[in-house]
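# Report on the structure
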Amino acid sequence: MSCLIRVVDLYVRYRWRQEPILKGVNAEFDNKHLLLGPNGSGKTTLFRAIAGLTPILKGKVLIDGRDVNEIYGTKGLLALNLSEVLSLLRMSAYDNLRLFMDLTDGDMDLAIEILNDLGIETQILRKRKPWELSAGQRKAYSTALALASKARNVLLDEPFEQLDPARKSRLIKYLTRYDGTIVLNTHETWILAALKEWSTYLMFEGVIYGPIHASKLMNANIISGEVGNALVSFRVSGKTYSIVERGVGEPISKLITLDRIYELSI
């Protein structure tokens, strides 16, 4: 059976009477996917819901055909790079890593290789607890752990944070050769050209749109209003925008980050 994450009519909210953070999300993730959206759009909340870390108000999440509520403790099914789940034991980062690899039948050598490529030497891992690493180091640490776990499905939340261009390129090497499903979320648009063979979903204000092939998005423009030949149309702050392959508008590649969607005056 192929690796597959399926999200069906998913609603999530954190407080009673609060407007839902996720609003009827429907998506299927198999193979390699980008989830592109501005900060605060609900990308991390979606990952937390898929991993069973956030209560679901309505809808369901299926991972390889199994409900997320039934997969607790299942080895090799799902991994994610949220650092909050990696600091439960008062051991060095190295010992935490070794324990996690033992528990998941992961690849310790691969984890160390990825970390070294991302600029974190083994000596640092032996000296520091996971929470004593810098913010950028913690993100690299949790990303390496997720990829080295060899899980069938991997969720990567903003894995390029605080990486320089050289280290971003090294991480992409591990992403492209991973044997399994990866869903990677980010607000940065340069990733479309770097991973142009991947499928892409867009997320704005808790609503998901797509999928669209990254190679189409990387050369597309954003225009105001809804048009019939659009790759996709979406709403932000009460306004409708469309993404089109040709014509006038703002090139997506020039936005740098989708946080700038709120600055558009097209």
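Residues numbered from 1 in each chain as written. Predicted model: local features only at pLDDT ≥ 70, side-chain atom pairs only at ≥ 80, totals over all residues. Heavy atoms only, no water.

### Things to note about the packing of helix α3 (residues 108-117) against helix α6 (residues 165-176)
- As a packed pair, α3 and α6 sit with axes 9 Å apart at the nearest point and diverge in direction by 155°. The angle between α3 and α6 places the two elements in the roughly antiparallel class. Residue-level inspection shows L110, E113, I114 and D117 of α3 in contact with α6, the latter providing R167, R170, K173 and Y174.
- For the contact of α3 with α6, the residue count by class is three nonpolar, no polar and five charged. (Axes fitted to C-alpha atoms, helices over the stretch in contact; angles between N-to-C directions. Helix = DSSP H or I, 4+ residues; strand = E, 2+ residues; numbered from the N terminus. Parallel < 35°, antiparallel > 145°, perpendicular 65-115°, else oblique. Contact = heavy atoms within 4.5 Å. Nonpolar A, V, L, I, M, F, W, Y, C, P; charged D, E, K, R; others polar.)

### Thoughts on unusual backbone geometry
- Cis peptide bonds are those with omega within 30 degrees of zero, and the linkage from G210 to P211 qualifies with 10°.
- When you line up the elements, P211 lands in strand β10 (residues 207-213).
- Despite not being glycine, D9 shows a phi value in the positive range, around 45°.
- If you trace the backbone, D9 turns up in strand β1 (residues 5-12).
- Phi is positive for Q162, close to 60°, though the residue is something other than glycine.
- By the element assignment, Q162 lies in the loop between β7 (153-157) and α6.
- Relative accessible area serves as the criterion here: at 64%, Q162 is assigned to the exposed category. (Buried < 20%, exposed > 50% of the residue type's maximum accessible area, 1.4 Å probe, protein only.)

### Things to note about the sheet that holds strand β9 (residues 199-204)
- Here six strands make up an open sheet; going across it, the order is β6-β7-β8-β3-β9-β10 and the pairing mixed. Looking along the sheet, the strands with just one partner apiece sit at the ends: β6 (78-80) and β10. For this sheet, the mean angle separating the axes of adjacent strands, direction not counted, is 20°.
- Relative to the sheet, helix α1 (residues 43-50) contacts β3 (32-36), β6, β7, β8 (181-186), β9 and β10, its axis offset from that of β8 by approximately 150°. (Pairing = 2+ DSSP bridges.)

### Some words on the sheet that holds β1
- Here four strands make up an open sheet; going across it, the order is β2-β1-β4-β5 and the pairing antiparallel. Looking at which strands have only one partner, the edges of the open sheet turn out to be β2 (22-29) and β5 (66-67).
- Strand direction decides the pairing type here: β1 and strand β4 (residues 58-63), joined by five bridges, are antiparallel. Looking at the pairing, V7 lines up with V61 of β4.
- Relative to the sheet, α1 contacts β1, β2 and β4, its axis offset from that of β1 by approximately 115°.

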